[in-house]
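# Structural characterization, general
Okay, here's what each chain looks like letter by letter:
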Amino acid sequence: PLHSRMPVSAFLSGGMDDMPRLELQLVALHAAGMDDIVVAYHSPSPFPTADFPWVRAVQLAPTATPLPLVQLLHHDTVLLLGPDLVPTESLVHALHHQFTEQRHCIHGLFGYDMTLAPATGTVADLVDPCCLMVRRPYAALALTLQHLAPDCPWHMTLSKADRKST
């Protein structure tokens, strides 16, 4: 049975090289309560839209960036998911729960290193870029960081000024 609808958009970017894994991801996200899912892909193969009517698929040119597509998302809360992780419903709900308690942080699988830097007043959170929950204004930044360092964790910092303006 599907969970109740969650006000979260999911954004998946990459190829369709592993279509069975992508199908598992899409089914898991939908089962977790997401009905706004965008898949941006570079493959020349068509996306099987008939099998996934709740997914909006955008076929990109080989050199195109998916960053502008963030504007297509319906919700302010966005789950960015890489091609290697099939999330469980409990993972999606746990990230969403953490996110609702601290909306001005980027939450991910390894978001455990919360430290205060006294000199700058910033909070740093160590996250793995394969699975991030962010506010839509930060989604393009997070996607850029995923592209720059797809295989390693990175630090995300938000200043106090950023927190007041969002």
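In what follows, the structure referred to is the one given above.
Residues numbered from 1 in each chain as written. Predicted model: local features only at pLDDT ≥ 70, side-chain atom pairs only at ≥ 80, totals over all residues. Heavy atoms only, no water.

Looking now at the pattern of salt bridges. All told, the structure shown has three salt bridges when counted by the stated rule. Of the charged contacts, one joins D36 and R56 as a salt bridge, the two residues approaching to 2.4 Å between their closest N and O atoms. Of the two residues, D36 sits in strand β2 (residues 36–41) while R56 sits in strand β3 (residues 55–59), which places them 20 residues apart along the sequence. On the accessibility criterion, D36 (3% relative accessible area) is buried. In this structure, D76 engages R103 in a salt bridge whose closest nitrogen and oxygen atoms are separated by 2.7 Å. With D76 in the loop between β3 and β4 (77–81) and R103 in the loop between α2 (89–101) and β5 (107–108), this residue pair connects regions lying 27 residues apart in the sequence. (Salt bridge = Lys/Arg side-chain N within 4 Å of Asp/Glu carboxyl O. Helix = DSSP H or I, 4+ residues; strand = E, 2+ residues; numbered from the N terminus. Buried < 20%, exposed > 50% of the residue type's maximum accessible area, 1.4 Å probe, protein only.)

Attention shifts here to the environment of D76. Relative accessible area serves as the criterion here: at 27%, D76 is assigned to the partly exposed category. Separated by 61 residues in the primary sequence, D76 and P137 have C-alpha atoms spaced 7.9 Å apart. If near-sequence neighbours (up to four positions away) are discounted, D76 is found in contact with R103, V134, R135, R136 and P137. Within the structure, D76 has its side chain in polar contact with the side chain of R103 (distance 2.7 Å). (Contact = heavy atoms within 4.5 Å. Polar contact = N/O pair within 3.5 Å; in protein donor to acceptor, adjacent residues only side chain to side chain.)

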